[in-house]
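Next come the chains, spelled out residue by residue.
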Amino acid sequence: MNQVALSPAGTLNQFLKQHKNQIEMALPKHITPDRMMRLTLTAFSQNRSLQDCTPQSIFASVIVASQLGLEIGVGGQGYLVPYKGTCTFVPGWQGLVDLVSRAGRATVWTGAVYRGDKFDWALGDRPFVKHQPEGDGDDWHDITHVYAIGRVNGSDHPVIEVWTMDRIVRHLNKFNKVGGKHYALTNNGQNMEMYARKVALLQVLKYMPKSVEVMRAMDVANAVDSGKNFTFDGDVVVIDDRDIDESPGDSSPGATGVQQQSGGRPEIPECTDEEFKAKTPRWRKQLLEDGVSEADLVKMIETRTKLTEDQKTTINSWTHEND
């Protein structure tokens, strides 16, 4: 009798069922293994690239999510991110906020400021953030700042962290070990806001009271963002200071990092003529109406896509159309 070949989702489902007991042991009481398996299969079916990942690495990512007590794809708590056949669990900023809230000793939140928003902030002995959204930006290139605020229960003053997007990009370039495949740069850049808000939030969390779950999630987030392998030793996250390419056994269930591309810097793709034409109205508006300088516009664009000399010449011509 011939066996019917399983679909990729069916194969993964079968693999997870075989290891259901291990998932159950890693999970906190408020999440069932059946629910975590359903969330995993949902994420798997929604991301074609995950179907190229090994079941072992997906399972490893599920275990990491389970040990952190974060649900995959629910409210931005965390994500399964594929890279070259390996899956990694990436905690989202919403997951970090949720873990702090569960601990019950502090409150944290974060925001993104888009071009056109009213925004004011100050540090010192009376720190504050005032943010009134009024911009109509829908792309991370329209974000000017991200911020995070934390308040310890009973404290008179909040802890505030504000970063410009230029600083976020420099931070990404400094610590990114997987080039243009970094999760912040994938999905057409839609993950960049999530990454930026998490970077600011991680700074604030340093000064907040922390549960074991929060500490573990912070360690995992920092390890993933810097391209490091890590393992769990009880409640402690042990980070391997070697880059992924230097670490043996990165396809095993305990290896949850991603591989490094040569150079250690984001590999920015070249801007195609079609992309340049499609983005021209937005970029012209930023240059001619929003007050962005030509140099800043080019710099902002090239955090995501590399312009050709002809394209730079075209941008330069926009500022001289009435000369």
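Preceding this paragraph is the structure being described.
Computed from a predicted model, the values in this text were never measured in an experiment. Here the residue index of a chain counts from 1 through its sequence in written order. Only residues with pLDDT of 70 or above have their local features reported here, since the model is predicted, and side-chain atom pairs are shown and tallied only from 80 upward, although totals for entire chains, interfaces and linings are computed over all residues. The side-chain numbers reported here are obtained from all heavy atoms of the structure, hydrogens and water having been left aside.

A look at the pairing of strand β5 (residues 128-132)
Argument step 1. Across five bridges, strand β4 (residues 118-122) lies against β5 in antiparallel orientation. Each residue of the ladder has a partner; that of D120, found in β5, is K130.
Argument step 2. Here, a strand pair is defined by DSSP locating no fewer than two bridges between the strands. Elements are defined by DSSP. Helices are runs of H or I of four residues or more, strands are runs of E of two residues or more, and each kind is numbered from the N terminus. The turn linking β4 back onto β5 is made up of five residues, and G124 within it adopts a positive phi angle of 90 degrees.

Structural notes on the sheet that holds strand β6 (residues 143-152)
Across a sheet, paired strands are connected by hydrogen bonds in the backbone, their directions being either parallel or antiparallel.
Argument step 1. Pairing in this open sheet of three strands is antiparallel, and the strands run β3-β6-β7 from one edge to the other. In this open sheet, the two edge strands, each paired with only one partner strand, are β3 (106-114) and β7 (159-164). Taking the axes of each pair of neighbouring strands and ignoring which way they run, one obtains an average angle of 10 degrees across the sheet.
Argument step 2. Here nine bridges tie β3 to β6, and the two strands are oriented antiparallel to one another. Bridge pairing in β6 links G111 to Y147.
Argument step 3. The sheet contacts of helix α7 (residues 192-205) involve β3, β6 and β7, and relative to β6 the element is tilted by about 35 degrees. Axes here refer to lines fitted to C-alpha atoms; in helices the fit is confined to the stretch in contact. Angles between the N-to-C directions go from 0 to 180 degrees. Should any heavy atoms of two residues lie within 4.5 Å, those residues are counted as being in contact.

Focus on the pattern of salt bridges
Argument step 1. Salt bridge, as used here: a side-chain nitrogen of Lys or Arg that lies within 4 Å of a carboxyl oxygen of Asp or Glu. According to the stated counting rule, one finds seven salt bridges in the structure shown.
Argument step 2. In this structure, the salt-bridge partner of D98 is R102, at a minimum N-O distance of 2.6 Å. Of the two residues, D98 and R102 both sit in helix α5 (residues 93-103), four residues apart, roughly one turn of that helix.
Argument step 3. Burial here depends on accessible area, computed with a 1.4 Å probe over protein chains only, as a share of the maximum for the residue type. Under 20% is buried, over 50% is exposed, and the range in between is partly exposed. Taking relative accessible area as the criterion, D98 reaches 25% and is therefore assigned partly exposed.
Argument step 4. Given the relative accessible area of 39%, R102 is considered partly exposed.

Quick word on the nonpolar core
Argument step 1. Counting residues in each nonpolar core, the largest one holds 64 residues, and the members touching the most others are I23, I72, V146, I168, M192 and L205.
Argument step 2. Broken down by element, the residue count for this core peaks at ten residues, all from α7.
Argument step 3. The contact partners of I168, leaving out residues within four places of it in the chain, are V146, W163, M192, Y195, A196 and V199.
Argument step 4. In plain words, nonpolar cores are sets of buried Ala, Val, Leu, Ile, Met, Phe, Trp, Tyr and Cys residues tied together by side-chain atoms within 4.5 Å. Ranked by size, the runner-up nonpolar core spans twelve residues in total, among them L287, V298, L307 and W318.

No statement about biological role is implied by the geometric values presented.
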